[in-house]
Amino acid sequence: MTSSQRAEITHSFFKRYVSKQNTLLEFVTRFERALSKIRHNELDMDHKDVNEKPHLKTMYSMESTMSEIYTIEIFYMFQEELFQNVAYKLTATNEDEHHCVYTVRRVKGSDLRVREVVVHKSSNHVRCSCKMFECAGIPCRHILAYFSRMQMDDLPNEYILWRWTKSAKAMRVRDDLGSGMKEICDMSFLERRNRLFQRGSTLFDEAALTEDGTQIVEELLSLGEKKLCDMKKVGGDDGVGSSIQVQSFRDHGLKEPLQVRAKGCGKRLKGGK
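Because the structure is a prediction, the values reported are computed rather than measured.

Glancing now at helix α6 (residues 141-149). Counting buried positions along α6 gives 7 out of 9 residues, so the element sits mostly inside the fold. Among the structural elements, α3 (61-69), α4 (72-84), β1 (88-95), β2 (99-106), β3 (115-120) and β4 (125-128) are those in contact with the buried residues of α6. Trailing α6 by a residue or two, Q151 shows a phi angle of about 55 degrees, which is positive.

Here you go:
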């Protein structure tokens, strides 16, 4: 099975969990395991966004404000750009009735590259020749150097992409057909999960001190797991479908598909031939 995409991130994802030696059933099992891992990591990052406060490096009010808006991972990327902007110097090189052009270069260091920042006077829109905002969705240090020169305390809304904010999941999106609307995640889910994490963490720390305490918590967890399973059965999602499907694979003895050579997957010869 070969991905039709040429993105390396997609290929590396499959290679970490599956290989061509896997049977069809093993592929499905490993793929589900990989998705569970990704979902767990995502929930872990959501937990950090809700509970952890990033360390601030500067006295900029912009840094403090964006630490409350951006997710932690994106904020640290923004923080590095904001921290580095003081090392750059702006020089006005050209101006007309519509645009104002600045060259941006590092004051000290080995980086001698010169960037060009263009300001549209009518809309106050700023763009940089490095194209970091267009590629990563985060304003670069060159644009931030211009904002610092203009003594702007807050980052303009047009440079804050919604998908990088903590509230990005608290929204409604269209389904695959583009018609209906559905919730992908709301803040109540994060709050409930946060509450369970806090109580669970305190409980586990106390229980782990003794063997009897550990056994009591394990029994309570088993009881809670059983009640959740019963609740799912009442709701119609009893989890039987997946086991029946796996059993049908074995009963019918499905044969493995033939390995087909995908176009462009062969090794390249030396010299580009």
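On we go from here.
Moving on, we get to the nonpolar core. Counting 29 residues, the largest nonpolar core has M66, Y70, F78, V126, F147 and L155 as its most contacted members. Residue assignment for this core shows that the elements contributing at least two residues are α3, α4, β1, β2, β3, β4, α5 (132-136) and α6. Ranked by residues supplied to this core, first place goes to α6 with 5 residues. Residues within four places of L155 in sequence aside, it is in contact with M62, M66, Y70, F78, P139, L144, F147 and I160.

Here we come to the pairing of β4. Every second residue of β4 is oriented toward a common face, the buried set being V126 and C128 and the non-buried set H125 and R127. Here β3 runs beside β4; their pairing, made up of 4 bridges, is antiparallel. Paired with H120 across the strands is H125, a residue of β4. Between β3 and β4, which follow one another and run antiparallel, lie 4 residues, and N124 among them has a positive phi close to 60 degrees.

In the UniProt entry, the feature "domain: SWIM-type" (unreviewed entry) is given for residues 115-151. Between the C-alpha atoms that bound residues 115-151 there is a distance of 20 Å. The span itself is 38% helix and 27% strand.

Parameters at a glance
Residues numbered from 1 in each chain as written. Predicted model: local features only at pLDDT ≥ 70, side-chain atom pairs only at ≥ 80, totals over all residues. Heavy atoms only, no water. Buried < 20%, exposed > 50% of the residue type's maximum accessible area, 1.4 Å probe, protein only. Helix = DSSP H or I, 4+ residues; strand = E, 2+ residues; numbered from the N terminus. Contact = heavy atoms within 4.5 Å. Core = buried A, V, L, I, M, F, W, Y, C linked by side-chain atoms within 4.5 Å. Pairing = 2+ DSSP bridges. UniProt positions renumbered as here; feature names shortened; annotations may be inferred.

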